[in-house]
Amino acid sequence: MFILFMLALLWNSVAVASDSLFFSTLSVRDGLPSNIISAITQDKKDFIWIGTANGLARYDGYRFTTFKKGEPHSLPANEISSLLIDGDFIWVGTWKGLCKINTLSFKIEPVDLGSNNVIRTLYRDTSGNIWIGTATGVVRYRNGTVEEFNTQNSNLSHNTVRS
C-alpha cells in the first residue's frame, strides 16, 4: 500500500511539473533568416545553430547571429541542407558546397570536395571520420583526405545519399 501511495504522489508531482513547461515560436520577426528550417544542432556551449533556406543562424536564447553567402570567407550558399557539431567546429552542408565554422572565432573554412557540391547529410563516426552524403555519392573526409564512394566504385544502389 505504501508503494502505491508513493507512486500516486510521484505521478501527481510529474503532472504538476509538466504544466510548467514553456515553449515559444521563433521566426523571421525575431531575426531568423527564414522560416524554412532544414537542420538544427546544439554546440558544446549550448548555443543553438539553425540551418535555414536563407542562411545559418546561431541563437543564444535572446538574439540571432546570422551567417550568409556574399562576403569573403563566407558560406558557399544560403540554402543550408545539414549541420554537424564536431568539437569546436560546426560543419555546414549547403546545396553548393561544404564549409566548417569555428564556433569560438566564427572563422569559416571552405571544404573542397571536388565535384560533390550538393550536400545532403553529414555524420561523424566514432573514429572521427566525417561522412558526407551528396547527390553524387558518399564522401569520407578524414584528416583532410577525401575518398569518394558511388555506384561505379562501390555497392551503392544509388548515388543520391539523403541520410
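Keep in mind that this is a model prediction, so the values were computed, not measured.

**Some remarks on the sheet that holds strand S2 (residues 48-52)**
Here is step 1 of the chain: Across the sheet, which stays open at both edges, the four strands sit in the order S1-S2-S3-S4 with antiparallel pairing between neighbours. Two strands bound the open sheet, and with one partner strand each, they are strand S1 (37-42) and strand S4 (64-67). On average, each strand axis in the sheet is inclined to that of its neighbour by 20°, with strand direction left out of account.
Here is step 2 of the chain: For strand S3 (residues 55-59) and S4, the ladder comprises four bridges, and the chain directions are antiparallel. Counted as the bridge partner of alanine 57 is threonine 66 from S4.

**Observations regarding the confidence of the model for the chain**
Here is step 1 of the chain: Residues with a pLDDT of 70 or more make up 88% of the chain, whose mean pLDDT is 88.
Here is step 2 of the chain: The secondary structure element of the chain with the lowest average pLDDT is helix H1 (residues 2-18), at 52, and the one with the highest is strand S6 (residues 89-94), at 98.

**Some words on the pairing of strand S7 (residues 97-102)**
Here is step 1 of the chain: Along S7, six of the six residues are buried, which leaves the element largely enclosed by surrounding structure.
Here is step 2 of the chain: A two-sided burial pattern is seen for S7, the buried positions comprising Gly97, Cys99 and Ile101 on one face and Leu98, Lys100 and Asn102 on the other.
Here is step 3 of the chain: The pairing of S6 with S7 spans six bridges and is classified as antiparallel. Within S7, the position partnered with phenylalanine 89 by the bridge is asparagine 102.
Here is step 4 of the chain: Between S6 and S7, which pair antiparallel one after the other, the connecting turn spans two residues.
Here is step 5 of the chain: What sits between S7 and strand S8 (residues 108-111) in their antiparallel hairpin is a turn of five residues, with phenylalanine 106 showing a positive phi close to 65°.

**Some details on the packing of aromatic side chains**
Here is step 1 of the chain: Under the definition given, this model contains six aromatic pairs.
Here is step 2 of the chain: Through successive ring pairs, a cluster of aromatic residues spans Trp49, Phe67 and Phe106.
Here is step 3 of the chain: Lying over the aromatic face of phenylalanine 89, lysine 100 brings its terminal NZ or CZ to 4.5 Å of the ring centre.

**Thoughts on the pattern of salt bridges**
Here is step 1 of the chain: Inspection of every chain in the model, using the stated rule, returns four salt bridges.
Here is step 2 of the chain: The partner of aspartate 60 in a salt bridge is arginine 63, with the nearest N and O atoms 3.4 Å apart.
Here is step 3 of the chain: For arginine 63, a relative accessible area of 54% gives the class exposed.
Here is step 4 of the chain: The partner of arginine 124 in a salt bridge is aspartate 86, with the nearest N and O atoms 2.6 Å apart. One end of the pair, arginine 124, is in strand S9 (residues 119-124); the other, aspartate 86, is in strand S5 (residues 80-86), and 38 residues separate them in sequence.

Calculation notes
- Residues numbered from 1 in each chain as written.
- Predicted model: local features only at pLDDT ≥ 70, side-chain atom pairs only at ≥ 80, totals over all residues.
- Heavy atoms only, no water.
- Pairing = 2+ DSSP bridges.
- Helix = DSSP H or I, 4+ residues; strand = E, 2+ residues; numbered from the N terminus.
- Axes fitted to C-alpha atoms, helices over the stretch in contact; angles between N-to-C directions.
- pLDDT = per-residue confidence, 0-100.
- Buried < 20%, exposed > 50% of the residue type's maximum accessible area, 1.4 Å probe, protein only.
- Phe/Tyr/Trp six-rings, centres within 6.5 Å; stacked < 30°, edge-to-face > 60°.
- Lys NZ or Arg CZ within 6 Å of the ring centre and 35° of its normal.
- Salt bridge = Lys/Arg side-chain N within 4 Å of Asp/Glu carboxyl O.

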